[in-house]
Structures are given as structure tokens and as C-alpha cells.
Amino acid sequence: MSKRTPTKPSYFVYVIELKPDLLSNKRIAQANPGYLYQPDRPLLYVGMTGRTPEIRYEQHKAGYKASRYTRQNCVALRRDLFEHLGPMTRDEAIEMEVSYANQLRSQGYAVWQN
């Protein structure tokens, strides 16, 4: 019987600010039901990656494995909103991506998350 090796924490949840004109998109509006969007807060994309958030941000901008909403609508990588999360295992990142998107929505942000 072999012991399972613990997964090394090498995944990140990251946040990208998107152009505000996407707020009029029906799918983005539907992704934020029941939350009070505060107009002074930017529209955000929350994702997870096994690369560094900086590399993944550049991939989004280049269109590599990018959501159609991030492909040409990236404004900035919002380190201030995710650096406190630190590296985690893949399973933790999968769970954190969804829960953190919901947490940001509860703080008044509109969020797109796959």
C-alpha cells in the first residue's frame, strides 16, 4: 500500500479588472443575481491557474485559453484583491475561485467567473 503524496500548493486564484462596458452584457448581468452592484466598483474576472497570475494575465490578453470577455477587455491584474490568498493546491483553488467570486459580489463588485 503506497502513501499518497500531498499536492504541492502551486495554484493561484487571481483577479483581473475588466472594461466597464461589459456590464451591459446579458450573461454578465445574469452571473450576478441578487447582489447589489456598486457603480464605483470595477467589473472583475476571477480565475485560477497553475502558472503565476502574471503569466496567466498575459495569456488572457494574448487570447490564449481566454474567456471571450477577457480576451480584449483586460484593464489590469488586480494583485491588491488576491495576493493575500497565496498559493494553494489545485482542489483548494477550484473551491476558492467560486467562493472568492461570491465574496467579491457580496462586497458590491460585479464578477465574471467560469
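Up top you'll find the structure we're talking about.
Here we summarise the structure given alongside this text. (Residues numbered from 1 in each chain as written. Predicted model: local features only at pLDDT ≥ 70, side-chain atom pairs only at ≥ 80, totals over all residues. Heavy atoms only, no water.)

### A look at the pairing of strand β2 (residues 43-49)
- Most of β2 is tucked away, with six of its seven residues classed as buried.
- Pairing of strand β1 (residues 12-18) with β2, which is carried by seven bridges, proceeds in the antiparallel orientation. Following the sheet pairing, V13 is matched in β2 by M48. (Buried < 20%, exposed > 50% of the residue type's maximum accessible area, 1.4 Å probe, protein only. Helix = DSSP H or I, 4+ residues; strand = E, 2+ residues; numbered from the N terminus. Pairing = 2+ DSSP bridges.)

### Looking at the pattern of salt bridges
- For the structure shown, the criterion picks out four salt bridges.
- With a closest N to O distance of 3.1 Å, E54 and R79 form a salt bridge. With a gap of 25 residues between them, E54 in helix α2 (residues 53-62) and R79 in the loop between β3 (74-77) and α4 (90-106) connect regions that are remote in the sequence.
- What makes E54 partly exposed here is its relative accessible area of 33%.
- Classification of R79 by relative accessible area gives partly exposed; the value is 35%. (Salt bridge = Lys/Arg side-chain N within 4 Å of Asp/Glu carboxyl O.)

### A look at the packing of aromatic side chains
- Evaluated as defined, the whole model comprises two aromatic pairs.
- Measuring from centroid to centroid gives 4.8 Å for Y69 and W112, while their planes differ by 75 degrees, and the two rings are edge-to-face. Placement of the pair is Y69 in helix α3 (residues 68-71) and W112 in strand β4 (residues 110-112), with a sequence separation of 43 residues. W112 matches Y69 in its accessibility class, with the two residues each being buried. (Phe/Tyr/Trp six-rings, centres within 6.5 Å; stacked < 30°, edge-to-face > 60°.)

Any functional reading would require information that these geometric values do not contain.
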